[in-house]
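# Survey of secondary and tertiary structure
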Amino acid sequence: MSEQKIEEGWGAPACSRKWHYFRADGMSLCRKIGFYMGPREQGKDDHPDNCAACKKILASLRASAPLRETRGKEDVHRRDMEATEKKDHAKAQRREGGTAA
Ligand SMILES: [Zn+2]
């Protein structure tokens, strides 16, 4: 038995001219279309034919879903990077603001 598991991704249902992003259960992220069980594609997140609502929701979903496995170990390193960036930023601001005085 080789049941192919449908995963989430972009799909183009016949009833819509736009591509919508469907979850595994067949519901589009914008909730305009449900029960779509056709083929889905990953990637192409910035395709012009993509549904704007789906795109927006997908972007916010990805932003709010941190990769937990890589966290912790890299936290210290990231804090170091941020500190360096902030220092550079402050330096740049000082340089920009310096001409005003
Ligand atoms: Zn949509």
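Residues numbered from 1 in each chain as written. Predicted model: local features only at pLDDT ≥ 70, side-chain atom pairs only at ≥ 80, totals over all residues.

### Some remarks on the overall build of the chain
Each helix and strand counted, the chain has two helices and two strands in total. Listing every helix and strand of the chain by position from the N terminus yields β-β-α-α. Residues classed as buried in the chain amount to 14% of the 101 residues present. Long-range contacts, defined as pairs at least 24 residues apart, comprise 48% of the intrachain contacts of the chain with a sequence gap of at least 6. (Helix = DSSP H or I, 4+ residues; strand = E, 2+ residues; numbered from the N terminus. Buried ≥ 20, exposed ≤ 12 C-beta atoms within 10 Å, placed from the backbone. Contact = placed C-beta atoms within 7 Å.)

### What about the nonpolar core?
By size, the foremost hydrophobic cluster in this structure holds eight residues: W10, W19, Y21, F22, L29, Y36, C51 and C54. The contact partners of L29, leaving out residues within four places of it in the chain, are Y21, R23, C54, I57 and L58. (Core = buried A, V, L, I, M, F, W, Y, C linked by C-beta atoms within 7 Å.)

### A few points about the environment of R31
Within the element layout of this structure, R31 appears in the loop between strand 2 (20-22) and helix 1 (52-64). Among the residues examined, R31 registers 11 C-beta atoms within 10 Å and is labelled exposed. Separated by eleven residues in the primary sequence, R31 and H20 have C-alpha atoms spaced 9.5 Å apart.

### Some details on unusual backbone geometry
Here F35, not a glycine, exhibits a phi torsion of approximately 60 degrees, which is positive. Note that F35 resides in the loop between strand 2 and helix 1. Since 10 C-beta atoms lie within 10 Å of it, F35 is described here as exposed. Despite not being glycine, K44 shows a phi value in the positive range, around 55 degrees. The topology assignment puts K44 in the loop between strand 2 and helix 1.

### Concerning the confidence of the model for the chain
Of the residues in the chain, 61% have a pLDDT of 70 or more, and the chain-wide mean is 81. The least confident element of the chain, judged by mean pLDDT, is helix 2 (residues 75-98) at 66; the most confident is strand 2 at 97. (pLDDT = per-residue confidence, 0-100.)

### Overview of the environment of W10
Positionally, W10 belongs in strand 1 (residues 9-11). In this structure, the C-alpha to C-alpha distance between W10 and G43, residues 33 residues apart in sequence, is 7.9 Å.

### Looking at the environment of K56
Inspection of the secondary structure puts K56 in helix 1. Classification of K56 as partly exposed rests on a count of 13 C-beta atoms within 10 Å. Through-space distance from the C-alpha of K56 to that of L29 is 9.2 Å; in sequence the pair is 27 residues apart.

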